[in-house]
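The lines below spell out each chain.
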Amino acid sequence: MWENRNGKVDIKSLTLPQLEEELVNLGEKPFRARQLYQWMHRKLARDYGGMTNLPGELREKLAKHYACTCLRQVHMQESRADGTKKFLFALEDGHVVESVWMRYKHGNSVCISSQVGCRMGCRFCASTLGGLVRGLLPGEMLDQIYAISLLTGERVSNVVVMGTGEPLDNYDSLLQFLRLLTDEKGLHISARNITVSTCGLVPEMRRLAREKLQITLALSLHAATDEKRKSLMPIANRYSIAQLMEACGFYFSQTGRRITFEYSLVGGVNDTREDARLLAGLAGPRRCHVNLIPVNPIRERDYVQSEAGRIQVFKNMLEKNGINVTIRREMGRDIDGACGQLRRSYMQEE
Ligand code: SAH
């Protein structure tokens, strides 16, 4: 498991017990695994060279037998408006992924990608235009956070899996990533400070519920009727809103965590009073939080943002119905803000 394209195991993708097993198989003592783990996941070492308390011979052995994910920054854009930084990282096989660093009052947040490309096909999203290339390894998800905390020199307190890719379409890898990220011997990010966003893969939502993690699950709803949802998201042909609501209820019953509904407002498509009323009918009984996102127009589609006035009316309607609602601050609008836009501009230049 967790092998890269060359068939080598990515050592950064292993939990401490797995690492111990590997090292014992190499004829080493288990405490070497603890040292190595600490270098990778606590001290964020970028290569074996700096792991000074490991014997040179062991470092050579490790380099020979394992891959060690280390993302390389190929591009960075910084927003003049709010300091948001968008990074483009190269993976070992030359593919690139994007990650975003955002500063909020309550701490710094990193938004990571879970796949190279995406196969979900949401109509308004730039990440899906080139299809799916591959899922990321746990170490490749982690290293986006490690690299950013080294590059910015700042502590990361929140992680959102909302970049390119559908995290639940890369389920095993996502779970291993969450284990490593929340591990007290690693970066030790609290599960409550982690959000995973899904377009709504019902079986995987249920599977995730059974893990009973304290993470926040965000559901990209974007429409309150099946018909409208199908026009925006191909996945709606597979799972109905009724099935999604059942899965949300199950998630809450298993974890005690309320779901966040994400709703991108697209001018003239899903932003009427009737849409708001129907959305309130879904969110209200489940006491879900609604996060409104003014759609970020992409070059390849002619979707436009709802007018500011309409967004306000939409929000007020929800609030009148007792829904807890926020409008997502548009971070980094002056850089290629929307999912997948930076990667796409980069690939088109290459
Ligand atoms: N695949 C996951 C996570 C990635 S996208 C999901 O679907 O939830 C993170 C959020 O941004 C999703 O709600 C997605 O629908 C939304 N999104 C993607 N492109 C957007 C755009 N151009 N404008 C506004 N929201 C967008």
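Remember, it's a predicted structure, so these values are computed and weren't measured experimentally. (Residues numbered from 1 in each chain as written. Predicted model: local features only at pLDDT ≥ 70, side-chain atom pairs only at ≥ 80, totals over all residues. Heavy atoms only, no water.)

Participant: So what's going on with the pattern of salt bridges? Residues and values would help.
Facilitator: If you walk through the whole model with that rule in mind, you get 16 salt bridges. Note that Glu154 is salt-bridged to Arg103, the shortest N-O span being 3.0 Å. One end of the pair, Glu154, is in the loop between helix H4 (138-152) and strand E9 (158-161); the other, Arg103, is in strand E5 (residues 96-104), and 51 residues separate them in sequence. Across the pair Asp271 and Arg310 runs a salt bridge, and its minimum N-O distance is 3.6 Å. Here Arg310 lies in helix H10 (residues 308-320) and Asp271 lies in the loop between strand E12 (260-265) and helix H9 (273-286), a separation of 39 residues in the sequence. (Salt bridge = Lys/Arg side-chain N within 4 Å of Asp/Glu carboxyl O. Helix = DSSP H or I, 4+ residues; strand = E, 2+ residues; numbered from the N terminus.)

Participant: Help me get a handle on the domain arrangement of the protein, residues and values and all.
Facilitator: By the assigned domains, the protein splits into domain 1 (9-67) and domain 2 (72-349). Centre-to-centre separation of domain 1 and domain 2, based on C-alpha positions: 33 Å. Contacts between the two partners involve 14 residues from domain 1 and, on the opposite side, 18 residues from domain 2. Both sides together, the interface formed by domain 1 and domain 2 hides about 1300 Å², and carbon and sulfur atoms give 55% of it. Of all residues in domain 1, His41, Leu44 and Arg46 bury the most surface against domain 2, accounting for 36% of the area lost on that side. At the surface where domain 1 touches domain 2, the tally comes to 2 salt bridges. A salt bridge links Arg46 to Asp143, with the shortest nitrogen-to-oxygen separation between them at 2.8 Å. Our count for the domain 1 to domain 2 interface comes out at 10 residue pairs in polar contact (both at pLDDT 80 or more). Those elements that place two or more of their residues in the side of domain 1 that touches domain 2 are helix H1 (16-25) and helix H2 (30-41). (Domains from an automatic or database assignment. Contact = heavy atoms within 4.5 Å. Buried area = accessible area lost by both parts, 1.4 Å probe. Polar contact = N/O pair within 3.5 Å; in protein donor to acceptor, adjacent residues only side chain to side chain.)

Participant: Tell me about the packing of aromatic side chains, residues and numbers included.
Facilitator: Applying the stated criterion to the full structure yields 2 aromatic pairs. Between Lys43 and the ring centre of Trp39, over which it is positioned, the NZ or CZ distance is 3.9 Å. The ring of Phe250 has Arg206 sitting right over it, with the charged end atom 5.0 Å from the ring centre. (Phe/Tyr/Trp six-rings, centres within 6.5 Å; stacked < 30°, edge-to-face > 60°. Lys NZ or Arg CZ within 6 Å of the ring centre and 35° of its normal.)

Participant: Can you tell me about the site of the ligand, naming the residues and giving the values?
Facilitator: Close to the ligand lie 19 residues; Phe124, Ser197, Ser220, His222 and Asn296 are nearest. For the ligand, an oxygen atom lies 3.4 Å from a polar atom in the backbone of Cys199. Glu262 places a side-chain nitrogen or oxygen 3.4 Å from an oxygen atom of the ligand. Here the ligand has 530 Å² of accessible area as a free molecule, and 95% of this is covered by the chains. Of all elements in the fold, only strand E10 (194-198) and E12 reach the threshold of two or more residues within the shell around the ligand. Looking at the shell around the ligand residue by residue, the class counts come to 9 nonpolar, 8 polar and 2 charged. (Near = heavy atom within 4 Å. Areas by Shrake-Rupley, 256 points an atom, 1.4 Å probe, with all protein chains shown as cover. Nonpolar A, V, L, I, M, F, W, Y, C, P; charged D, E, K, R; others polar.)

Participant: Before we move on, can you summarise the pairing of strand E11 (residues 216-220) with the specific residues and values?
Facilitator: Burial within E11 is extensive, with 5 of its 5 residues counted as buried. Burial along E11 is two-sided: the residues Thr216, Ala218 and Ser220 and Leu217 and Leu219 are all buried. Crossover E10 to E11 through helix H6 (residues 202-211) is right-handed. As paired strands, E11 and E12 are joined by 3 bridges and run parallel to one another. Bridge pairing in E12 places Leu219 opposite Phe261. (Buried < 20%, exposed > 50% of the residue type's maximum accessible area, 1.4 Å probe, protein only. Right-handed = clockwise from strand over helix to strand, strands pointing away. Pairing = 2+ DSSP bridges.)

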